[in-house]
Each structure stands twice: as C-alpha cells, then as structure tokens.
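# Results of the structural survey
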Amino acid sequence: MQENKPRVKIKVCAVGKKWPLAAGEQGLGENKSLAALEAVDLEIYEGEFLCLLGPSGCGKTTLLNILAGFERPSSGHVLIDGEAVQKPHPKRITIFQEYALLPWRSVLGNVEFGLEMARVPKKERQGKARELLELVELTGAEGMMPRELSGGMRQRVAVARSLAVDPDILFMDEPFGALDALTRIRMEEELVRIWLQKKKTIVFVTHDIDEAVYLADRIAVFSVLPGRIREIIPVAAGRPRDRTGYDFVRLREKVFASLSLGYKEPVEYYL
Ligand SMILES: Nc1ncnc2c1ncn2[C@@H]1O[C@H](COP(=O)(O)OP(=O)(O)OP(=O)(O)O)[C@@H](O)[C@H]1O
Ligand SMILES: [Mg+2]
C-alpha cells in the first residue's frame, strides 16, 4: 500500500510573503507592507503536473519564485526532497513568460548552453541538443538565431533548453501567455506530450482556466490578496484531453466557480 503513495517532492509549509510598500504608497505611510501570500500550505508530488491558478496579482509568481529559490518567504518555509530551499538549484529550471534565450547564440547554441556549463564534451552535447530539438519539433532550425523565430518557436527552444540539463523540476510562469490562441493550444499539447515522456515535476502558473484544466493533475486555486490556496481541484481525466468533452466542460465550470468565490458584485449593480 505504501508503495502506491506518491512521494512528496515539494512541501510548502505556512508560507507568507510581505512586500515592503514604498513610503507614502497608497497613502499608507512608512513601514507598511503588502501581504502577497499568507499561510500557504501545499504538497506537490514527484512527477506531478501542478497548476497554480488565480487572478492577476494574487501572488502566483511570488510563490513560484519562492519555490525556485529566487525569493525568501517572510514566514514559513519550503522543502524540496526534504531540504529547505535557500537558493536556486541547477536542476530546478524556471521558464518565464518572456523568452529567456541568449540572443547572440543560435537555436542549437541555446539548447547546448546548460550542457556547456556542465562541461559536457562538444559531440555529446550537440547530440543531446539535436535530440531535444527533435522532441520539440524544431529539427532544421538549429542554425537560426532567436530573432528569426516566432514566439511559439522561441518558447519551444526555451523548453528544449531547460530539458537539456535533465532537470528535476520545471517551474513555468505563464510561459505561453504571450502567444496567440492557436499557438498556445499547440504548445500545451506539446508540453503534455513531453511531460508524458519525461515525467518531470512541473509547477505551472497560469490565470487561464482552460489551460489549467488541459494540463494539470491538480489545480491549486488562489484567492486574491493576501494570496491563499482556496481549493485544490484534482483533474482525474486521462491525456490527451478533449477540450470539448463533457468532463472537460464540467471541470471548467467547477474551477470557474472556485475562482469566482468571494467575488463581490459592484454595489451599483444592486441600486
Ligand atoms: N518585488 C516586489 N516588490 C513589491 N511588491 C511586489 C513585488 N513582486 C510582487 N509584488 C506585489 O505582490 C502581489 C502579488 O504579485 P505577483 O507578481 O506574485 O502576482 P501574480 O499572481 O503573479 O500576478 P500576474 O498574474 O499578474 O502575474 C502584487 O500586489 C504585486 O504588486
Ligand atoms: Mg505573475
């Protein structure tokens, strides 16, 4: 029985984050702070695809940056593999919304970068990089420069680049937010295909309900400031998911209802 229990990879324990407000900001004077996160508890399992979903400004990026070790919590702590997160780790890769490619390097050069840092011999790293470019369907684009690529292609290079170092965890902060709707759907499909092959632990931030229902094993729904996890919604549907299917639509409704809880209609509405 014990063997079937998923292993906890990331444990978030009572994490709070206060951001200092500039003196006089919003008329609040000095020494005031904004509570971005409050008492966030969350367990993320090994190999799980977890989405953090919530409206703009609810603290998703703040939490992701704390998990990735870029920021420290004001209270509470985060454990990964049982150890407290103190700083970024080379096996835990973050993909940001802005395409984080090295503009002076070719597509192949970008994917090779992490392997070069790890002193992997040239032949081996080029072979690995080509393999990953094939995985993200960019064979043939090895010699192109980032400026010559479309947004979707750039994000696929970013995915290949992050997989090159064989990461333990991928932290993704609205990585497809800047893409047009069709490219975004295609990227989501590719990400699921890659995840099914590689089974990395993925923590994926989004404010898009459909994206979360399509991608996630579980969706952690945030409330607005201070950011708390309001509900965790498991998505039991298999993959790939049919976006038009009955189960999908029902789940969407459920997530929407969870997100809308606590929403206050403007007072004028009732007058
Ligand atoms: N470095 C910072 N200094 C001060 N305040 C910050 C800082 N980073 C974030 N905040 C504040 O913390 C709150 C949460 O921000 P965060 O970026 O985590 O939200 P988010 O959920 O990622 O929003 P979005 O969906 O728009 O990206 C916001 O009110 C924001 O203004
Ligand atoms: Mg954000």
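Scroll up to find the structure.
Residues numbered from 1 in each chain as written. Chains lettered and ligands numbered in written order. Predicted model: local features only at pLDDT ≥ 70, side-chain atom pairs only at ≥ 80, totals over all residues. Heavy atoms only, no water.

## As for the overall build of the protein chain
Within the protein chain, the secondary structure is distributed over seven helices and 10 strands. On C-alpha atoms alone, the protein chain measures out to a radius of gyration of 20 Å, which is about the 18 Å that the 2.2 N^0.38 rule sets for 271 residues. Along the three orthogonal principal directions, the C-alpha set of the protein chain runs to about 65 × 50 × 50 Å. Relative to its 271 residues, the protein chain shows a buried fraction of 45%. For the protein chain, contacts bridging at least 24 residues in sequence account for 69% of all contacts bridging at least 6. (Helix = DSSP H or I, 4+ residues; strand = E, 2+ residues; numbered from the N terminus. Rg over C-alpha atoms; globule rule 2.2 N^0.38 Å. Buried < 20%, exposed > 50% of the residue type's maximum accessible area, 1.4 Å probe, protein only. Contact = heavy atoms within 4.5 Å.)

## Quick word on the sheet that holds strand β10 (residues 229–234)
In any sheet, the strands associate via hydrogen bonds between backbone groups, in a parallel or an antiparallel arrangement. Read across the open sheet, the six strands follow the order β6-β7-β8-β3-β9-β10; overall the sheet is mixed. Edge positions in the sheet fall to β6 (92–95) and β10, since each has one partner strand and no second. Going across the sheet, the axis of each strand differs from the next one's by a mean of 15°, ignoring polarity. As paired elements, strand β3 (residues 49–53) and strand β8 (residues 201–206) share five bridges and run parallel to each other. The residue of β8 that forms the bridge with C51 is F204. (Pairing = 2+ DSSP bridges. Axes fitted to C-alpha atoms, helices over the stretch in contact; angles between N-to-C directions.)

## Structural notes on the sheet that holds strand β2 (residues 33–45)
Strand order in this open sheet of four strands is β2-β1-β4-β5, and the pairing throughout is antiparallel. Taken across any chain shown, the strands that pair with only one partner, and hence form the sheet edges, are β2 and β5 (83–84). As paired elements, strand β4 (residues 75–80) and β5 share two bridges and run antiparallel to each other. Paired with L79 across the strands is A84, a residue of β5. Across the sheet, helix α1 (residues 60–68) touches β1 (8–20), β2 and β4, and the angle it forms with β1 is around 125°.

## Side note on the pattern of salt bridges
Taken as a whole and judged by the stated rule, the model has 24 salt bridges. With a closest N to O distance of 2.7 Å, D81 and R7 form a salt bridge. In this pair, D81 sits in the loop between β4 and β5 while R7 sits in the segment before β1, placing the two residues 74 residues apart along the sequence. Residue classification places D81 among the partly exposed positions, given a relative accessible area of 34%. A salt bridge links R193 to E190; the nearest nitrogen and oxygen atoms lie 4.0 Å apart. Taken as a pair, R193 and E190 lie in helix α5 (residues 181–198) at a separation of three residues, close to a single helical turn. Assessed through its relative accessible area of 29%, R193 is described here as partly exposed. (Salt bridge = Lys/Arg side-chain N within 4 Å of Asp/Glu carboxyl O.)

## Description of the pairing of β8
Most of β8 is tucked away: six of the six residues are buried. Of the two faces of β8, the one holding T201, V203 and V205 and the one holding I202, F204 and T206 are both buried throughout. Both strand β7 (residues 169–173) and β8 contribute to a ladder of five bridges, which runs parallel. Within the sheet, the bridge partner assigned to L170 lies in β8 and is I202.

## Focus on the packing of helix α3 (residues 122–135) against helix α4 (residues 151–164)
Put simply, α3 and α4 touch, their axes get as near as 9 Å, and they point 135° apart. Regarding the angle of α3 to α4, the classification is oblique. Here α3 and α4 pass one another in a crossing that is right-handed. Between α3, through K128, L132, L133 and L135, and α4, the contact on the second element is made entirely by A160, L163 and A164. Residues belonging to the contact of α3 with α4 are distributed by class as follows: six nonpolar, no polar and one charged. (Parallel < 35°, antiparallel > 145°, perpendicular 65-115°, else oblique. Left-handed = near helix turned anticlockwise from the far one by under 90°. Nonpolar A, V, L, I, M, F, W, Y, C, P; charged D, E, K, R; others polar.)

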